[in-house]
Amino acid sequence: MRPVSGKNDSGVKFKALSELSNGVYIHIPFCIKKCLYCDFLSVPYNDLLARAYTDALCKELILKKDIAGQLKTVYIGGGTPSILSEECFRQLFKCLKENFKFSDSPEITVEANPGTVDKSKIDTMLSLGVNRLSIGVQSFNDNELKTLGRIHTSDEALKAIETIKDSGINNFSIDLIYGIQGQTLDSWKKTISKVFELSPAHISSYELTLEEGTPLYKMIKSEETNPSSPPFAKGGMGGFLANIKMPAEELILDMYNYAIEHLTSKGYEHYEISNFALHGFRCLHNLNYWSRGEYIGAGAGAHSFIRGSRSKNTDDIRRYIKDLNKGIIPEAESVEIKCGEAIKEFIFLNLRKTEGISLAKAEALGLDMPGVCMGLIEEGYLEIKGDYLRLSRKGLVISNSVIVRLFEGLGLD
Ligand code: SF4
């Protein structure tokens, strides 16, 4: 590969990102109990804190309303947003409706976990305009759910989905995790087949990553360094998790490939590395991220991408509330994305989509992608289809390494 000839930071033009944002992300940092693998910002639910937090969220949304255009997507994620009381949901949506303009048919998603949704809450959400639910099922195998430290069983997940379907919601997504310690290809196949029976409009399937500092990470590391010790016998796991290891890399690849083959054969479009949707049900909010679109984030730890700068709110929930009570946006950091970084983002975000990178858009930025990618195309990791450069099936499974090589070729490492 050769570097981009004659181009440097000043030679590559990104449009001045001064348009108004059409997407809002709202973070709800509460859960019933922390899952063993989780490194997201979440704390145990507390009703008083959740009320104060909702007040603060509304204040932040009002402070940011002028940088929003007509909202096409609202995504309430967490944490476990469905843990919020109906009263808090009403307050939040009242604030959104009074202060923001919405496009004709906005996508409004709420993340929900089994064990925290019932008919009444779903009806309230629907009455407020929520039209998409994303359900954190993760697995339909109870042993795997215990390994992950999820609060629900497979039956409880099924019940939650039945309630959602009975309420008339067909636009729901099921989140899955593969590569769980102790998971076999057979149990993954059973989970996928159960998911298919439930006919979700959308499926997200992510490989489990062992995040440093999580209880699961500590357990696995302790097992690796001292396999005879019973690390999982402590903490009420009753030895259930003893002597399990991370699945082998080949097994994880087999699981990923199985999901792609099985779900696409059943009519799901594989539209992003880890996401599948029936026709017309792609997640518009996430597609905006992968297209490097701007968005407003609200809530503790929430990220925003506004006018070419990426910023993040404080992770400290109490400081978040305190600052907003004083009328201050509790930003912890803000970075203006320079051109080299913007090109990297443009490439790795767009390559996440199976459609790939628009060659016309790349060319407008001064990037000669076919020239730069020749080696990776010849090796079969990238391919060109029409106006798009995309990861081939062979490249998809090692997307990170392909992207690193692409950056090297562009002189962006
Ligand atoms: S439900 Fe999600 S956010 Fe909450 S602890 Fe579990 S993984 Fe973390």
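The residue numbering used here restarts from 1 in each chain and proceeds along that chain's sequence as written. Only residues with pLDDT of at least 70 get local features here, since the model is predicted, and only at 80 or more are side-chain atom pairs given and counted; chain-wide, interface and lining totals rely on the full set of residues.

## A few points about the overall build of the protein
- For the protein, the count of helices and strands is 15 helices and 17 strands.
- It is over C-alpha atoms that the radius of gyration is taken, and the globule rule equals 2.2 Å times the number of residues to the power 0.38. Its C-alpha atoms give the protein a radius of gyration of 22 Å, within 12% of the compact-globule value 22 Å for 413 residues.
- Projected onto the principal axes, the alpha-carbon positions of the protein cover approximately 60 × 55 × 40 Å.
- Expressed as a percentage of the 413 residues in the protein, the buried residues total 39%.
- Intrachain contacts of the protein at a sequence separation of at least 6 include 72% that bridge at least 24 residues. In DSSP terms, a helix is any run of H or I states spanning at least four residues, a strand is any run of E spanning at least two, and both are numbered starting from the N terminus. Any residue with 12 or fewer other C-beta atoms within 10 Å of its own C-beta is exposed, any with 20 or more is buried, and the rest are partly exposed; the C-beta atoms used are placed from the backbone. Here the contact rule is simple: place C-beta atoms from the backbone, and any two residues whose C-beta atoms are within 7 Å are in contact.

## A short note on the packing of helix 1 (residues 47-64) against helix 2 (residues 86-99)
- The axes used here are C-alpha line fits, helices contributing only the stretch in contact, and every angle between their N-to-C directions lies in the interval 0 to 180 degrees. At a closest axis distance of 10 Å, the pairing of helix 1 and helix 2 adopts a crossing angle of 5°. With respect to their mutual orientation, helix 1 and helix 2 come out roughly parallel. Between helix 1 and helix 2, the residues in contact are A50, R51, T54, L57, C58, L61 and I62 and C88, Q91, L92, C95, L96 and N99, respectively.
- Each residue receives one of three labels: charged for Asp, Glu, Lys and Arg, nonpolar for Ala, Val, Leu, Ile, Met, Phe, Trp, Tyr, Cys and Pro, and polar for the others, Gly being one of them. Residues belonging to the contact of helix 1 with helix 2 are distributed by class as follows: nine nonpolar, three polar and one charged. Working definition: roughly parallel below 35 degrees, roughly antiparallel above 145 degrees, roughly perpendicular at 65 to 115 degrees, and oblique for all remaining angles.

## So, the packing of helix 6 (residues 185-197) against helix 8 (residues 249-265)
- Look at helix 6 against helix 8: their axes get within 10 Å of each other, and the N-to-C directions meet at 25°. Between helix 6 and helix 8, the crossing angle belongs to the class labelled roughly parallel. Read as a crossing pair, helix 6 and helix 8 show a hand that is right-handed. From helix 6, L185, W188, K189 and I192 reach across to helix 8, where they touch L251, D254, M255, Y258, A259 and H262.
- Among the residues forming the contact of helix 6 with helix 8, the class breakdown is seven nonpolar, one polar and two charged. Crossings are sorted by hand: turned counterclockwise from the far helix by less than a right angle, the near helix makes the crossing left-handed, and turned clockwise it makes it right-handed.

## Quick notes on the confidence of the model for the protein
- Scored from 0 to 100, pLDDT records how confident the predictor is in each individual residue. On average, residues of the protein carry a pLDDT of 91, and 91% of them reach 70 or more.
- In the model, residues 1-11 has pLDDT below 50 throughout and makes 23 contacts with residues more than four positions away in sequence or in other chains.
- For residues 230-240, every residue scores under 50 in pLDDT, and the model assigns this stretch 15 contacts once sequence neighbours within four places are set aside.

## Section: the sheet that holds strand 12 (residues 303-306)
- Strand pairing requires that DSSP identify at least two bridges connecting the strands. The strand order across the open sheet built from three strands is 12-13-14, with neighbouring strands paired in antiparallel fashion. The strands lining the two open edges of the sheet, one partner per strand, are strand 12 and strand 14 (331-336). Averaged over all pairs of adjacent strands, the angle between strand axes in this sheet comes to 20°, irrespective of strand direction.
- As judged from the four bridges shared by strand 12 and strand 13 (residues 309-313), these two strands associate in the antiparallel manner. Among the inter-strand pairings, H303 is bridged to a residue of strand 13, identified as K312.

## Observations concerning the domain arrangement of the protein
- Entries for the protein in the domain assignment read domain 1 (21-290) and domain 2 (340-413).
- Each partner contributes residues to the interface: domain 1 has eight residues there, and domain 2 has eight residues.
- Listed by contribution, the elements that provide at least two residues to the side of domain 1 that touches domain 2 are helix 8, strand 9 (269-272) and helix 9 (284-290).
- Grouping the constituent residues of the side of domain 1 that touches domain 2 by class yields six nonpolar, one polar and one charged. Reported domain spans reflect what an automatic or database domain assignment gives.

## A few points about the sheet that holds strand 9
- The strand order across the open sheet formed by nine strands is 9-10-8-7-6-5-4-1-11, and the pairing between neighbours is mixed. Each of the sheet's edge strands pairs with one partner strand only, and the pair in question is strand 9 and strand 11 (296-298). Across the sheet, the axes of successive neighbouring strands diverge by a mean angle of 20°, strand direction being ignored.
- Of the strand pairs in this sheet, strand 1 (residues 21-28) and strand 4 (residues 68-78) are connected by seven bridges, and their pairing is parallel. Residue pairing for strand 4: Y25 is matched across the bridge by Y75.
- Against the sheet, helix 1 engages strand 1, strand 4 and strand 11, with an angle of about 155° to strand 11.

## A few points about helix 8
- Its 17 residues give helix 8 an end-to-end C-alpha distance of 24 Å, which sits within 8% of 24 Å, the value for a rise of 1.5 Å per residue.
- Within helix 8 the residues assigned to the buried category are I252, M255 and A259. Each buried residue of helix 8 sits inside an arc of 55° when the element is viewed along its axis, so together they form one side. Facing away from the buried side of helix 8 by over 90 degrees, the exposed positions are E249, E250, E261, T264 and S265.
- Check the buried side of helix 8 and you find it contacts strand 7 (172-178), helix 6 and strand 8 (202-207). Helix span is expected to be 1.5 Å times the residue number reduced by one. It is the directions from the helix axis to the C-beta atoms that the arc portrays.

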